[in-house]
Amino acid sequence: MKSRKYLILLCAAFFTLGGCDQNFEEINTNPYAIETLDPALLFANAQRQSHPGNWEVEQTIVQQFVNAYNLGATAGPNFNEDTDNFNVPRWNNLYPNSIKLLVQAIDLTEEQPTRVNLLSMMRIWKAYLYMTLVDTYGYVPYSEAGKGAAGDFFPAYDDDATIYDDLYNEIKSATDALNPTGDYVSADLFYKSAGTAANPAGQVAKWKKLGNSLLLRLGMRYSKINATLAEDIVSEAVSRGVMETNADNAYLVWSSAYPNQLNAGPRAINTYYYYVAEPFVEQLKATDDPRAKYMIGKYADPGAATTTSPDVTLANQFGFPVGYDSETIKAEAFNRGTQGSGLNYSQINFNVLGSATAPLFYVTNSQTKLLMAEATQRGWINSQGTAQELYEAGVKASMDEWALYPNATAIPLADQDTYLAHVDVAFNATDALELINTQYWLSSIGNGGESFANFRRSGFPTLSPNSYNNNLGGGFMRRLAYPNTEAGQNQANYEAAVSAFGPDNLTTRVFWDQ
Amino acid sequence: MTDENGSLFAGVNVVVKGTTSGTVTDADGKYSIQLPSGESTLVFSFVGYHIQEVSVDGRTTIDVSLLPDVTSLAEVVVTALGIKKESKKLGYSVESVGVDQLQQNRTVNMMESLEGKVAGLDISPPAAGSGASTKIRLRGQTAFSGANNAPLIVINGLPMDQGAISANGNDARDRGDALQSINPDDIETVTVLKGATAAALYGSRAGNGAIIITTKSGQKGQGIGIEYNTNYAVSTALDYTDLQQEYGSGTWNATLGTGVRPATQGEATAQGMLGWGAKLDGEPQINFDGKSRPYSANPNRFKDFYRDGTNFTNTVALSGGNERGSFRGSFSDLKSKGITPNNEYHKRIANFGFNYDMSKKLKLAFNANYSNEENDNPPQVGIQGSGEANFIYRMSTSIPLSAYQESVVNPVNGITEMPTSGFQTTLINPYFSMPRQFFRDKRDRLLATTTLRYDLTDWLYIQGRYNYDHSSVFSEFNTPTGQGTNNPYNATGVEFNGVYTTNTNDRTDINADFMLGVNKEIKDFSIDATLGGNTLRQEYRFTNQAVTDFIAFGVYSLGNGVTTTTNNAGIDWRARVNSLYAAAELGYKGFAFINLTERTDWFSTLNPNNNSQNYASISGSFVFSELLQDLPWLSYGKIRGAWAQAGSSNGAGYAEGNLTYNVLPTAFNGQKLGNIVPVNAPNPNLQPFLVTEKEIGLEMKLFNNRVSLDVAAYNKVADDQILTVAISNASGYTGTKQNLGKLQNRGFEILVEGAVVQQDAFKWISSFNFGHNETEVLALAPGITRFTQTTFGGNEFIGQLVYEVGQPINQLSAKTYQRDDEGNILLQDNGRLLATPNFVNFGSGLPTYTGGWTNTFTYKKLSLLVQFDFKGGGKILSSSALNWLRQGHSKESLVGREGGVVFDGVRASDGGANTTAVNPQTFYTDYRSLQIADPFIFKNDFAKLRNITLTYDFTSLVSKVEFIKRLTLTAACRNVALLYKDLPNLDPEAFASSGDNRVGYEGITQPTTRSYSLNLNVRF
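Residues numbered from 1 in each chain as written. Chains lettered and ligands numbered in written order. Predicted model: local features only at pLDDT ≥ 70, side-chain atom pairs only at ≥ 80, totals over all residues. Heavy atoms only, no water.

Caption draft 1: Representation of the overall build of chain B within the structure. From N to C terminus, chain B includes 8 helices and 51 strands. By the compact-globule yardstick of 31 Å for 1020 residues, chain B fits well, its C-alpha radius of gyration being 31 Å. Viewed in the frame of its principal axes, chain B has a C-alpha envelope of about 110 × 65 × 65 Å. For chain B, buried positions account for 60% of its 1020 residues. Within chain B, residue pairs in contact and separated by at least 24 positions form 69% of the contacts whose partners lie at least 6 positions apart. Counting only carbon and sulfur atoms, one obtains 55% of the accessible surface of chain B, whose full area is about 37,300 Å². Within chain B, one finds 86 positive and 97 negative side-chain charges whose respective centroids are separated by 3 Å. (Helix = DSSP H or I, 4+ residues; strand = E, 2+ residues; numbered from the N terminus. Rg over C-alpha atoms; globule rule 2.2 N^0.38 Å. Buried < 20%, exposed > 50% of the residue type's maximum accessible area, 1.4 Å probe, protein only. Contact = heavy atoms within 4.5 Å. Areas by Shrake-Rupley, 256 points an atom, 1.4 Å probe, with all protein chains shown as cover. Lys, Arg positive; Asp, Glu negative; His and termini not counted. Charge placed at Lys NZ, Arg CZ, Asp CG, Glu CD.)

Next up, the structure:
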């Protein structure tokens, strides 16, 4: 009797437990998680997250902008300092965001033959982002990057010249693969309105022009080290068909929910730190540039610049001299002193160029025209018109872009012509390269990465090195350094890259900048 | 039968010596026993009291009074699974804690009062507010930082994770842990089972040991009793800062070769946090708000900012019992005001327990504990931003606290914070944030256990137990409009900026187990065996919502925010662990015992092809004193040894094997955006890991139990743990979980306790405990000898937490000076620092020794307790020291103020001695940009006079009042004095987090406190 009693109890116990791991897979599955998603949505997010640069980095290096206060932590390119805070933004914004999404989305789309247009667009845009990474750092992880989900945790760095070779092939083949009768990508933030689901041809045409314009830009990079290769790629790109009008521009418009990230920093705090640099202002004043009123302004209180309106009269604008800070300038006779809670110098116009809803331009018709002007001047192409015509078209295209900014209207044609007739602007063959590339610098004001790259390649505009100290040996910054976390976390690959590429400092040169 | 107080003593064993006939005294302390013919001796015994032997001598009534045996360790110990065993049978290290002290030396979180009390138990309470968690570590840190390294907490048989929601870096506020739900007045026993060996029967959750807590459920035969306890404590902030008070706010001017004070309001703002200005002279000086105040030192800012904190606790308990059962119900209310002005913590705990013999064979026990906590504004610690301490400590001494109180709002718009410094987002004026920023945490928790035991025969029993743990947490917090910015509006100037976030968490843990037990004696052998199974079911649900862009000013709610930045709900944890186990204890003649256990766990969170782990343990004890009865000085002696394994799935997350996506709540110009959720690359192939521990120990009681000694040595290795490894972010991901690594903790523990003086009127008992623990990384992933766990952010950005094979764990790592072969520091030609290209290790952040010394003096009705404790052997990397140096506040920053810093080093280029002067502001900032940590590394050693407690027992004075059975009054002071430390300007115990990720890294926190309390305890 007793033995039956506890035999029953024992059985009951084991039965309640049942199989010891039954239902475990169901328990360990999250019913609320999304496990498959349309890769086009990842593409849209990757486009949005494309790194816009930093005023305190690229635009500071090319002497358009400066944080005049040296508080230790704020010392970076403005004072020739190698500071991790200023080196990392492009790396830390691209790899864990856009690159991560694009690598995964491309992986998902490769298995779907009906989405060849989506795939090609993503390939082109990924190539663009890698181009900006190579231009910024030199050797970077490329072929092994973005593959953490597949188990590749410590990507090796690829040789920068080799990456460029691959980018060339990637952009070319992706552009070729675009099919005007293929899929329409409604998620595309650049050109979705150029096509419709029924007829994607218009969208495809834009992407082809974008791709070829990137090839043009890429080819142009070789101008210092291999003029022949540059000529070949440039003429090939032009003949394949590049951007023609401002309607082909690749740009994004920002809003309250997603404000412009380039301007977010200076707008949020310590606005009185930030001024425009003297060479930039002098250029605008000397040429009476009609864009100046949208780019720069003089505020009664630099600390309140985001909530007040500036004086945009060009004669009243003064740029902060390069090579000084708010303390060292006090010893100079030309010091203009203080103003409000800051200094008596001009800042970016926070209502227009510095607005939270100012658009960001990645690849433009204006830049394309100017590069073609240089190519024509060098005799590499001759089918697009004279160098002068392309130069003037490039400048006008830049002028027309300002219509898209908030609190700005199109620059009247008359003003554009007056400007182009100015003695220091008018095209002449002797100064052609200087004129073209100085305009490129002005046209790319919102895209510091591109100004920095083109400045290194062309040597223009004519700037004097920042003499604040001798950290750069009397020269300019030629790259940014790798993030400190790479030396710690990816030590073996980091060290291999450094021994092949050169010391991880600000003066080692990217391959096309030799 | 009466006890030492003259109270009736129920439950005393009365045995005729040399026979097996005996009885037990009843509720009135009476007994009746039949004597054999001839001379007899009666033996009276009760756990914790001296045994008395009385010869009958023909008497028919014998009244005896028993005296407590104050030096005895509890003879019966609550072991794993609530099984009570005599301590002589245990082959592993167990220590009990005196419960009276928990009540008298009360701390808000009961675990904090155990600091320094148990050898090898390292309690580190962060300085993070009243409602905070504590860090509990037994025998070092078993696994890598990031794993759950706290011991298992068991309440009345309900196993529970400590569940600390700590300020582990970016969380910034410590929101407490499960121990906050327990009222010290309700606790009956606390037993610490130290190693994996002691807790092998709990399996996977007890690899770090276990702390077994039981709450009171009354005593059989006691009748009805009421107990009331009230405790009032006042805490004051302790200020150890000794910063420079010679120079005020300003910057260093290279032309003049000295510091200059700000000339304008703008400069005063930009330089408010810099102490590089001119010598303080009391002259009128313009401040950040345009007002003029004397340019003099204000060294008492910290003391003036923090208020005196108060804790007021009241507990009422009703208990009763008859011969079949007993019960106890209590209610407690704690109101606490923290030293940070707007921090308040309120908790109410109700506890009810009973046990009842439903029949001779069927016993029922029930316990329920309900707690309700409200934590308002736990201080922000360890982070830049709106932490109050972060601001007060880092602004220049020349600006008085009153200035920050007066000029809070920017007159330009009347809304935003008046800028006080050049670090506008990282130094927030607390007088702006305290009235506007809130953080509210409300939680309800119910812990309930029901145990039913049926004795099938007198040697066979079956027991079933059901534990239910449910908690519900609601929290809401905001970033107020205009904090840290000059613009009250969002980017487009339409709505007000700021953020409002609300979270809810609903958690249920059900733990059910059954046990079949055998308890039999066969001749000289005894056997005690159990067979059982357990199922743990956990499900945690959450909702998270956050909005920004507010329409109405100052209203922080979901309805008022236009843009939704987070809108998410679901299950963040769901798991099941099923287990089967068996245990057997064999004893020989009551002095030699061997224990064997065997267990298998199945984990739902692991790879389905490899989700079970099987582990065993063996331990033995030999009470050698039984064979040496003739040694007069040896009352008790036992040697013990054990080997055990405990497995774990600790670190494996819920449903983490696959890549998942989400859609961002706000569309971009109408286009929905998709995102990949995990920032860690998923790994579906995680396996359980194993902790293996060996220990040996010796316990002795000497000179008639007057002195006791317990010594243990152990070696614990954790292998193949599940750990998030930091990877290159160029992979798209910042980390991934892997099974890797082998860590070793080994050390020894000593506990010596003795009655130094033992007279009738005066007694002095001294207890010394000491634990030494050394750690080592034995292996990492194949081919890897070093990896970085964390890169420190928070208050200051310097250093990393690193593991390197062959070195102690948790190395603090940063760069260091470049040196030549003779050890001279190399400098640039311009006199500035050079850093090594690689990171070097400065030492482990973990202490290698902990200990305490407690003395209790009793004179008649008065008792005095004096406790010291100490800790040390590790290193601290002080980010506050870096901030104070680079901002010009520390005394070290005084070097170079006149004429510049000429650092003692040689030029790297030509080896010549350095003679170049450098702007001190630039020179000292280089430490941060170059990540050189040498001046900021200190030892974490300290020794403190922790507690002085004076108790007077008034019972005899009020004995005329019939219904008062006991009345005691206690006055206590906690954190009386800091006797030794190496860290300048701060208390080495002022750290921000109870987690392991910041161990050794000092990030600014609120100051530690000294508290004075009075406790009154009355029993009716």
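Caption draft 2: Molecular detail of the interface of chain B and chain A. Taken together, the contact between chain B and chain A spans 96 residues of the former and 91 residues of the latter. For the pair chain B and chain A, the summed buried area comes to about 7,500 Å², and 59% of that belongs to carbon and sulfur atoms. Considering only the surface of chain B that becomes buried against chain A, B:Tyr661, B:Phe668 and B:Asn729 emerge as the three largest contributors, covering 10% of it. Counting the contacts that link chain B with chain A gives 2 salt bridges. Across the pair A:Glu81 and B:Arg832 runs a salt bridge whose closest N-O atoms are separated by 3.2 Å. Run the count over chain B and chain A and you get 29 residue pairs in polar contact (both at pLDDT 80 or more). For the side of chain B that touches chain A, the residue count by class is 36 nonpolar, 48 polar and 12 charged. (Buried area = accessible area lost by both parts, 1.4 Å probe. Salt bridge = Lys/Arg side-chain N within 4 Å of Asp/Glu carboxyl O. Polar contact = N/O pair within 3.5 Å; in protein donor to acceptor, adjacent residues only side chain to side chain. Nonpolar A, V, L, I, M, F, W, Y, C, P; charged D, E, K, R; others polar.)

Caption draft 3: Expanded view of helix H9 (residues 201-220) of chain A. Across its 20 residues, H9(A) extends 29 Å between first and last C-alpha, which sits within 8% of the 28 Å expected from 1.5 Å per residue. With 16 of its 20 residues buried, H9(A) lies for the most part within the structure. (Expected span 1.5 Å × (residues − 1).)

Caption draft 4: Representation of helix H14 (residues 365-377) of chain A within the structure. All names here are of chain A. Look at H14: 18 Å from first C-alpha to last across 13 residues, which is about the 18 Å you get at 1.5 Å a residue. Counting buried residues in H14 gives 12 out of 13 residues, a clear majority hidden from the surface. Restricting attention to buried positions, one finds in H14 the residues Asn365, Ser366, Gln367, Thr368, Lys369, Leu370, Leu371, Met372, Ala373, Glu374, Ala375 and Thr376. Those residues of H14 hidden inside the fold are in contact with H9, helix H10 (227-240), strand S10 (360-363), helix H15 (387-401), helix H17 (432-443) and helix H18 (448-458). Just past H14, the residue Gly379 takes up positive phi, approximately 85°.

Caption draft 5: Structural view of the sheet that holds strand S40 (residues 811-814) of chain B. Residues and elements named next belong to chain B. What the 4 strands build is an open sheet, ordered S38-S39-S40-S42; its pairing is antiparallel. For this open sheet the edge positions go to strand S38 (786-791) and strand S42 (840-844), each flanked by a neighbour on one side alone. Looking at each pair of strands side by side, their axes are set apart by 35° on average, direction ignored. Pairing of S40 with S42 involves 4 bridges; the strand directions are antiparallel. In the sheet register, Ser813 faces S42, and the bridge partner there is Asn841. (Pairing = 2+ DSSP bridges. Axes fitted to C-alpha atoms, helices over the stretch in contact; angles between N-to-C directions.)

Caption draft 6: A look at the environment of B:Ser319. Residues and elements named next belong to chain B. Along the polypeptide, Ser319 turns up in strand S19 (residues 309-321). Residue classification places Ser319 among the buried residues on the basis of a relative accessible area of 13%. For the pair Ser319 and Asp904, spaced 585 residues apart in sequence, the C-alpha separation works out to 72 Å. Apart from the residues lying within four places of it in its own chain, the contact partners of Ser319 are Gly218, Gln222, Gly223, Ile224, Gly225, Phe327 and Arg328.

Caption draft 7: Highlighting the packing of aromatic side chains. Residue and element names in this part refer to chain B. Across all of its chains, the model carries 76 aromatic pairs over all chains by this definition. Here Phe288 and Tyr404 contribute two aromatic rings whose centre-to-centre distance is 5.4 Å and whose plane-to-plane angle is 15°, an arrangement assigned as stacked. Of this pair, Phe288 sits in the loop between strand S17 (284-286) and strand S18 (292-294) while Tyr404 sits in helix H5 (residues 401-406), and the two are 116 residues apart along the sequence. Side by side, Phe288 and Tyr404 carry an identical accessibility label, which is buried. (Phe/Tyr/Trp six-rings, centres within 6.5 Å; stacked < 30°, edge-to-face > 60°.)

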